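# Coordinate analysis (summary)
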Amino acid sequence: MSKPSIYGLTFEQLTDWLIEYGHKKFRAQQVWGWLYQKRVKDFAEMTNVNKDCLQLLEEHYDIQTLEEHVKQESKDGTVKFLFRLQDGNLIETVLMKHKYGYSVCVTTQVGCNIGCSFCASGLLKKSRDLSSGEIVEQIMNVQHYLDGLGQEQRVSHIVVMGIGEPFDNFENLIDFLDVVKDQKGLAIGARHITVSTSGLADKVRKFADVHSQVNLAISLHAPNNELRSQIMKLNRAIPIEKLMDAIDYYLEKTNRRITFEYILLKDVNDKKEHALELAELIADKRKLSYVNLIPYNPVDEHGQYQRSTDEAIRTFFDTLKKKGINCGVRLEHGTDIDAACGQLRSKQIKKAK
Ligand code: SF4
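Residues numbered from 1 in each chain as written. Predicted model: local features only at pLDDT ≥ 70, side-chain atom pairs only at ≥ 80, totals over all residues. Heavy atoms only, no water.

### Comments concerning the overall build of the protein chain
Selection rule: By the criteria applied, helices consist of DSSP H or I runs no shorter than four residues and strands consist of E runs no shorter than two, each listed in order from the N terminus. For the radius of gyration, the atoms used are the C-alpha atoms, and the globule rule reads 2.2 Å times the number of residues raised to 0.38. Type-normalised accessible area, obtained with a 1.4 Å probe on protein chains alone, sets the label of each residue: buried when under 20%, exposed when over 50%, and partly exposed for intermediate values. Any two residues having at least one pair of non-hydrogen atoms within 4.5 Å are treated as being in contact. The charge count treats Lys and Arg as positive and Asp and Glu as negative. His and the chain ends do not count. We put the charge of a Lys on NZ, of an Arg on CZ, of an Asp on CG and of a Glu on CD.
Helix and strand counts for the protein chain come out as 11 helices and 12 strands. Computed over its C-alpha atoms, the radius of gyration of the protein chain comes to 21 Å, within 12% of the 20 Å expected for a compact globule of 353 residues. When each of the 353 residues of the protein chain is scored for burial, the buried share is 58%. Of the contacts made within the protein chain by residues no fewer than 6 positions apart, 66% connect residues no fewer than 24 positions apart. Averaging the locations of the 48 positively and 48 negatively charged side chains of the protein chain gives two centres separated by 3 Å.

### Here we look at a negative patch on the surface
Worth spelling out the cut-off: Patch definition: residues with relative accessible area over 30% and no salt bridge; like charges joined within 9 Å; nonpolar side chains (Val, Leu, Ile, Met, Phe, Trp, Tyr) joined within 5 Å. Using a 1.4 Å probe, the Shrake-Rupley method yields the accessible areas, and only the shown protein chains count as cover for residues. Each salt bridge in this description consists of a side-chain nitrogen of Lys or Arg and a carboxyl oxygen of Asp or Glu lying within 4 Å of one another.
A cluster of acidic residues, E12, D16, E20 and D178, forms a negative patch at the surface. In terms of residues, the negative patch owes the most to one element, helix α1 (residues 11–20), which gives 3 residues. By the element assignment, E20 lies in helix α1.

### Concerning the side chain of K285
What counts is decided by this rule: Pairs of N or O atoms are called polar contacts if they sit within 3.5 Å, as long as, within protein, a hydrogen donor faces a hydrogen acceptor (for residues adjacent in sequence, only side-chain-to-side-chain pairs).
By secondary structure assignment, the location of K285 is in the loop between α9 (272–281) and β11 (289–295). A polar contact is formed between the side chain of K285 and the side chain of D248, at a distance of 2.8 Å. Excluding its chain neighbours within four sequence positions, the residues that come into contact with K285 are M244, I247, D248, L251 and F260.

### Description of the pairing of strand β10 (residues 258–264)
Our working rule: Two strands qualify as a pair provided that DSSP identifies no fewer than 2 bridges between them. Call a crossover right-handed when, viewed with both strands pointing away from you, the route from the first strand across the helix to the second goes clockwise.
Counting buried positions over the 7 residues of β10 gives 7, a clear majority of the element. Burial along β10 is two-sided: the face carrying I258, F260, Y262 and L264 and the face carrying T259, E261 and I263 are both buried. Here strand β9 (residues 215–219) pairs with β10 via 3 bridges, running parallel. Its bridge partner being in β10, A217 is matched across the sheet by T259. Regarding the hand of the β-α-β motif, the stretch spanning β10, α9 and β11 is right-handed.

### Here we look at the environment of A237
Within the fold, A237 resides in the loop between α7 (225–231) and α8 (240–254). Owing to a relative accessible area of 59%, A237 belongs among the exposed residues under this scheme. Sequence separation between A237 and L200 is 37 residues; the distance between their C-alpha atoms is 9.6 Å.

### A few points about the sheet that holds β9
The line we're drawing: All axes are obtained by fitting lines to C-alpha atoms, using only the stretch in contact for helices, and the reported angles, taken between N-to-C directions, cover 0 to 180 degrees.
Pairing within the open sheet is mixed, and its 10 strands lie in the order β1-β2-β3-β4-β7-β8-β9-β10-β11-β12. Each having just a single partner strand, β1 (67–73) and β12 (327–329) make up the two edges of the open sheet. Across the sheet, the mean angle separating the axes of adjacent strands is 20 degrees when strand polarity is ignored. In this structure, strand β3 (residues 90–98) lies alongside strand β4 (residues 101–105), joined through 5 bridges in antiparallel fashion. Its bridge partner being in β4, L95 is matched across the sheet by V104. Most of the contacts of helix α4 (residues 132–149) go to β3, to which it runs at about 50 degrees, and overall it touches β1, β2 (79–84), β3, β4 and β7 (155–160). On the sheet, helix α10 (residues 310–322) packs against β10, β11 and β12 and is oriented at approximately 165 degrees with respect to β12.

### Side note on the side chain of T65
Here T65 is to be found in the loop between α3 (51–60) and β1. Once you skip the residues sitting within four places of it in the chain, T65 turns out to touch K3, P4, S5, R84, L85, Q86, E134 and E137.

### A short note on the confidence of the model for the protein chain
Counted only if it meets this: By definition, pLDDT measures how confident the predictor is in each residue, and it falls between 0 and 100.
Overall, the predicted model of the protein chain reaches an average pLDDT of 92, with 92% of residues at or above 70. Within the protein chain, the lowest mean pLDDT, 54, falls on helix α11 (residues 343–352), and the highest, 98, falls on α9.

### So, the packing of aromatic side chains
Worth spelling out the cut-off: Here the aromatic set is Phe, Tyr and Trp, taking the six-membered ring for Trp, and pairing holds for ring centres within 6.5 Å; pairs whose planes are under 30 degrees apart are stacked, those over 60 apart are edge-to-face, and all others are tilted. Only when the NZ of Lys or the CZ of Arg is both within 6 Å of the ring centre and within 35 degrees of the ring normal is a charge said to sit over the ring.
Evaluation of the coordinates by the stated rule reveals 11 aromatic pairs. Over the ring of W34 we find K38, and its NZ or CZ is 4.3 Å from the ring centre. Lying over the aromatic face of F11, K184 brings its terminal NZ or CZ to 4.3 Å of the ring centre.

### Here's the deal with the packing of α1 against helix α2 (residues 26–36)
Rules: Just so you know how the angles are binned, under 35 degrees is roughly parallel, over 145 roughly antiparallel, 65 to 115 roughly perpendicular, and the rest oblique. It is the rotation of the near helix from the far one that decides the hand of a crossing: anticlockwise by less than a right angle makes it left-handed, clockwise makes it right-handed. Here the nonpolar group is Ala, Val, Leu, Ile, Met, Phe, Trp, Tyr, Cys and Pro; Asp, Glu, Lys and Arg are the charged ones; every other residue, Gly included, is treated as polar.
The geometry of α1 relative to α2 is characterised by a closest axis approach of 8 Å and an angle of 130 degrees between their N-to-C directions. Judged by the inter-axis angle, α1 sits oblique to α2. Crossing geometry of α1 relative to α2 is assigned as right-handed. Listed contacts from α2 to F11, L14, T15 and L18 of α1 are R27, A28, Q29, V31 and W32. Grouping the constituent residues of the contact of α1 with α2 by class yields 6 nonpolar, 2 polar and 1 charged.

Okay, structure coming up:
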């Protein structure tokens, strides 16, 4: 029978669990060190942990619940992993190399119910949430890959932007963040972690209350309700005004800069008038926001959308700049592999059919 991943436990949860079974508190410290510093792949390698404790761990948990199914390596250092979960589902994880270090983009759900019309993953409905352990394990597997290169590189940044809506799996997301931020473990700084949401307004508020130092990105993609509802089904339930109220709450509470993600779709939302409308919409948040313009990466599944011309991208960018909006155009990673969100997974699923 399959067992949950040990990586799903926060340090406090592991400590409480071991104490409950009659073990001393310091065992948690030892186990944690083996998992995150020495990064063993088998409980049996935890040589200073006593036999009873090892047996208990083995009875209840697994260290490896993800199995590497496909790995694609790009010339620019991007590596895309497709992992098979214990129940046979496939998920994607992407490693990206930047000047400032290595970042990993993790998946939080199997499929997604948000239904963004440009997204390859949105075509595959959510079948379940990932456990916190399955999310942490994506980072650990990528770290093991880096360890294998023998260059002492570490995952320094995380973006929670893979398949799924992280705020629709809120409790597991929070446990995941607690584990990866833990100073005794991976110690990835809150400011090096970005969570991206399609705009679940209630959860934006809740997130501001619990994780005020983690970066937040909002997938906006349109400057008005009509267009946004066309691009993102979710906007019919949570219109822009409601989202902006929640963002105001977030900004007030955290005083942290927020990022607006804006995917540029040719002749849909990339005109100068859209840029002006966007500048107007976020004018009062100018000092605490940044707009990330993302040229669309065409996928077979969504033939109705094309990439904006370079001229349209430039005009959009210049228009925002002239209005005093902080913005940039996102550099692409892994264009020679299936880099768009969900592309590799949907191709593999099609192949298996
Ligand atoms: S873009 Fe993100 S939130 Fe939207 S359907 Fe795709 S995975 Fe879901």
